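Single-letter residue listing:
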Amino acid sequence: MANFLIVEARFYDDFNDMLVAGARTVLEDAGHSVEVLTVPGALELPGAIALAAETGRYDGFVAIGVVIRGETYHFEIVAGESARGIMALTMDGIAIGNGILTTENREQTLVRADPAQKDKGGEAAKAALALFDLQQKFAG
Ligand SMILES: Nc1c(NC[C@H](O)[C@H](O)[C@H](O)CO)[nH]c(=O)[nH]c1=O
Ligand SMILES: CC(=O)[C@@H](O)COP(=O)(O)O
């Protein structure tokens, strides 16, 4: 059994509940333990994951968040920089699945957050498991 940490940017409670549930189901069905850590927004996700990874307590991570376009350029910053930060950590060998939705509106978000529909939280957990499995394969 491995230890996974779901790090969620809790900007939209309703969508986060669905995304976290989808990710948790995948990880627990695979026989792993799951903890959840909450940060304010997606821009805090890479830093929080980096801090948690330094503890050595976790074998993999799932980043969960929802970024919905508003009126300003801030959408591009939040969406792009959170993804860039997570990609940088992944390139450092940390097993992270990216479950940050970047959408135009609530309707698009719901379809992707709902485990009974596109289940992007579960998909992100599957990606984290895939990277974890690669780590095991290459370490052995
Ligand atoms: N607009 C959204 C944000 N914005 C907040 C930032 O992520 C960050 O917390 C703030 O700039 C302080 O550093 N975050 C989301 O997760 N989703 C959004 O739609
Ligand atoms: C993704 C965002 O930053 C967005 O929610 C902020 O909205 P706005 O650009 O209207 O300030």
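For clarity, every value in this text was computed on a predicted model and none was experimentally measured.

Reading the values: the criteria
Residue numbering note: each chain is counted from 1, following its sequence as written. To read the labels, note that chains go from A and ligands from 1, taken in the order they are written. Local features are withheld for residues below a pLDDT of 70 in this predicted model, meaning they are given only at 70 or higher, and side-chain atom pairs are given and counted only at 80 or more; totals for whole chains, interfaces and linings count all residues. Calculation of side-chain values draws on the structure's entire complement of heavy atoms; hydrogens and water are dropped beforehand. Note on conventions: DSSP H or I runs of at least 4 residues are helices, E runs of at least 2 residues are strands, and numbering of each starts at the N terminus. With C-alpha atoms as the basis for the radius of gyration, the globule rule is written as 2.2 Å multiplied by the number of residues raised to the power 0.38. The cut-offs for exposure are 20% and 50% of the maximum accessible area for each residue type, with area from a 1.4 Å probe on protein chains only; residues under the lower value are buried, those over the upper are exposed, and the others partly exposed. By definition, residues are in contact when any of their heavy atoms lie within 4.5 Å. All accessible-area figures derive from a Shrake-Rupley calculation using a 1.4 Å probe, and residue coverage is judged against the displayed protein chains alone. UniProt positions are given in the numbering used here, feature names are shortened, and annotations may be inferred rather than shown by experiment. A pocket, in this scheme, is an open set of points on a 1 Å grid over the protein atoms alone with protein on both sides within 12 Å along at least 5 of 7 lines, while a cavity is a set where a 1.4 Å probe fits but cannot get out; residues line either one if an atom lies within 4 Å of a point. Pairing of aromatic side chains here covers Phe, Tyr and the six-membered ring of Trp, requires ring centres within 6.5 Å, and sorts the geometry by plane angle: under 30 degrees stacked, over 60 edge-to-face, intermediate tilted.

S.K.: Can you tell me about the overall build of the chain, naming the residues and giving the values?
M.R.: Each helix and strand in the chain was counted, giving five helices and four strands. Ordered by position from the N terminus, the helices and strands of the chain form the series β-α-β-α-β-α-β-α-α. Over its C-alpha trace the chain gives a radius of gyration of 14 Å, about what one expects of a compact globule, namely 14 Å for 140 residues. Overall, the chain is about 50 × 30 × 20 Å in size when its C-alpha atoms are taken along their principal axes. Counting the 140 residues in the chain, one finds 44% classified as buried. Of all intrachain contacts in the chain linking residues separated by at least 6 positions in sequence, the fraction that spans at least 24 positions is 77%. Within the structure as shown, the chain displays about 7200 Å² of accessible surface, and the carbon and sulfur contribution to it stands at 53%.

S.K.: So what's going on with the UniProt feature "binding site: 5-amino-6-(D-ribitylamino)uracil" (unreviewed entry) in the chain? Residues and values would help.
M.R.: This chain's UniProt record puts "binding site: 5-amino-6-(D-ribitylamino)uracil" (unreviewed entry) on Phe 11, Ala 42, Leu 43, Glu 44, Val 66, Val 67, Ile 68 and Asn 98. Of the annotated residues named above, the ones that line the largest pocket are Phe 11, Ala 42, Leu 43, Glu 44, Val 66, Val 67 and Ile 68. Of note, Ala 42 is situated in the loop between strand 2 (33-39) and helix 2 (45-55). Those residues within four positions of Ala 42 in sequence are excluded, and the remaining contacts are Ala 9, Val 67, Val 78, Ser 82 and Ile 100.

S.K.: Give me the packing of aromatic side chains: which residues, what numbers.
M.R.: Tallied over the entire structure, the rule returns four aromatic pairs. Ring geometry for Phe 4 and Phe 132: centres 5.6 Å apart, planes at 75°, overall edge-to-face. Residue Phe 4 is located in strand 1 (residues 3-9), and its partner Phe 132 is located in helix 5 (residues 120-139); the two are separated by 128 residues in the primary sequence. With a relative accessible area of 1%, Phe 4 lands in the buried category. With centroids separated by 6.2 Å and ring planes inclined at 55°, the aromatic side chains of Tyr 12 and Phe 15 adopt a geometry described as tilted. Counting every residue linked through ring pairs, the aromatic cluster contains Phe 11, Tyr 12 and Phe 15.

S.K.: If you had to explain unusual backbone geometry to someone new, which residues and values would you point to?
M.R.: The backbone of Asp 119 sits at a positive phi, close to 45°, despite the residue not being glycine. Checked against the element boundaries, Asp 119 lands in the loop between helix 4 (106-113) and helix 5.

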